[in-house]
Amino acid sequence: MRQADWDVIIVGSGIMGLSSAYYIKKHDQNKSVLVLEKEKTYAQGNSGRSVAGFRDFFSTDINFKLARSSIEFYRHVQHKMGYDLGMKYVGYLFLMSNRKFRSMEPIIRKLQKSTKMDIIDQEDLKKITDLNFELKKEEQSLLSLEPIEVGVLGRNCGILDIEKLSSFYYEQCKELGVEFKFDSEVKDLKISPTDPIGYPGEPFLWQNKVVSSVATKNQEFASRAFVFTMGAWTGKLLDRIGVDSHMRPKKRFVYQIGGSGIKDIIHNSFGLNDESVFPFTIFPSHGVYIRPYPQNSTFWVSTSGTTSDQEIGETFSYDSMDNIEYVQPTEEYFNYNILPILRAYLKELDNFKISSSWTGYYSLNTQDKTPYIFKFLNSVVATGGSGAGLMKSDSIGRIVSSILLDEETTELFDHSRVTNGAIGIIDRDVGIESLRF
Ligand SMILES: Cc1cc2nc3c(=O)[nH]c(=O)nc-3n(C[C@H](O)[C@H](O)[C@H](O)COP(=O)(O)OP(=O)(O)OC[C@H]3O[C@@H](n4cnc5c(N)ncnc54)[C@H](O)[C@@H]3O)c2cc1C
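The text that follows walks through the structure, step by step, so that each part is easy to find. (Residues numbered from 1 in each chain as written. Predicted model: local features only at pLDDT ≥ 70, side-chain atom pairs only at ≥ 80, totals over all residues. Heavy atoms only, no water.)

Right, let's get into the site of the ligand. Of all residues adjacent to the ligand, which total 36 residues, the nearest are E37, N46, S47, G53 and M391. Between the ligand and the protein, one listed contact pairs a nitrogen atom with a backbone N or O atom of V186 at 2.9 Å. Within the backbone of M391, an N or O atom sits 2.8 Å from an oxygen atom of the ligand. Its free accessible area being 1,000 Å², the ligand has 97% of it covered by the protein chains. For the shell around the ligand, the secondary structure elements donating two or more residues are α1 (15-27), β12 (248-258) and β16 (353-364). Take the shell around the ligand: its biggest share by element is three residues, from β16. Grouping the amino acids of the shell around the ligand by side-chain chemistry returns 15 nonpolar, 15 polar and six charged. Each of domain 1 (6-50 + 163-247 + 368-423) and domain 2 (92-154 + 249-361) contributes no fewer than three residues to the shell around the ligand. (Near = heavy atom within 4 Å. Polar contact = N/O pair within 3.5 Å; in protein donor to acceptor, adjacent residues only side chain to side chain. Areas by Shrake-Rupley, 256 points an atom, 1.4 Å probe, with all protein chains shown as cover. Helix = DSSP H or I, 4+ residues; strand = E, 2+ residues; numbered from the N terminus. Nonpolar A, V, L, I, M, F, W, Y, C, P; charged D, E, K, R; others polar. Domains from an automatic or database assignment.)

What follows is the structure, encoded as structure tokens:
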């Protein structure tokens, strides 16, 4: 087996890789840590393609904990460390029918005991004059729309600037001495016996083994330990060695829409926050949402749709070029899938245009919509953000570092504790996230 050049190699420099590198190195500065990334710089994968919202609105204790502590940390970075992350507490406004509200009420009431969350009745919602409460019968039935009857406003929720957040971790890593190699796609992994006997075909079933090295096109890197944070690409690499990463890549299109009509809506908070910005709003049907981008008076529009039956037909796969840059969202998709829903729920939507669009992949855990963080051999895997990984990433980085040290629990920034095994595979005990929209 080749002599290890590094103590820890991390593959993937999205937000999970960056926060993992930071906490591993912070814990022991004598450790040599290398991050390998296929793109030209960090956070160009799905972190950079996300809509960068944060919320602590989850049904399971674990998701709530991971998000709450990370949000607390980001707030600390912005307010105490003086590092602007562009955090704005604009709130998450979930619009829903009475029927949906009743089904979610026990969770919402429970959450109200732990975080700031308001229930807004239809009369008060009507102050948001841009919303449409009277769906046309034909439209409602054709598009399977539920009416806006209740609003649930998460107040410990909002938006941040992902470039700033990832730069924060990157700069901290650099300061601590973490090394980065960009343009370095890992193509292969080598498994070796811990005590080689020199026979061809090693390692055999009965030998103890480790991941000994990873290889890019031009170079092999040997390390004592590895962390795999390749987001939606995790399966692509780990499938090669028979490690199930329990996630599937699911394509999402994001459209940026602006124009005079939008400008009027976006800079009015209707008293729902102190930021004078329209909240991050999720409409009652098909997971369609609008995320304000106040810097240039636009909305980012997309669908969360991680479970909706309407979505069936879309593949779990990578683009044939396997390069997310190559998949451009089409205007047809917007016009025929998203626009009819936006028009039904928003009144003044005539004066708008699409100014840009991009594609990303959720690394979707289809079962419980909670990240997977687990150890195999001398390696830790963190993936399965399921469309909500940024807002949990500080906690995830801490857990990765703790699992690498074989600790049983992790103390998060807000001093709450997570049992490491519970978020893994064999002893998984996270419940099923039921807040899906
Ligand atoms: C449209 C969209 C909207 C979203 N909105 C939100 C939101 O509002 N809030 C939220 O919290 N989350 C959101 N998410 C989810 C969030 O973006 C992810 O959970 C998070 O970015 C995952 O981080 P990551 O580090 O695991 O993955 P990534 O950021 O994708 O990082 C993985 C990295 O690994 C690199 N890589 C892959 N394979 C290799 C290889 N073989 N060798 C070397 N490098 C490799 C990639 O280039 C990439 O840089 C959204 C996602 C999408 C797609």
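The next thing to look at is the pattern of salt bridges. As enumerated under the stated definition, the model contains 17 salt bridges in all. Notably, a salt bridge pairs R109 with E105, separated by 2.8 Å at the nearest N-O pair. One end of the pair, R109, and the other, E105, are both in helix α3 (residues 98-112), four residues apart, so they sit about a helical turn from each other. On the basis of relative accessible area, R109 is assigned to the partly exposed category, the value being 41%. What makes E105 partly exposed here is its relative accessible area of 24%. (Salt bridge = Lys/Arg side-chain N within 4 Å of Asp/Glu carboxyl O. Buried < 20%, exposed > 50% of the residue type's maximum accessible area, 1.4 Å probe, protein only.)

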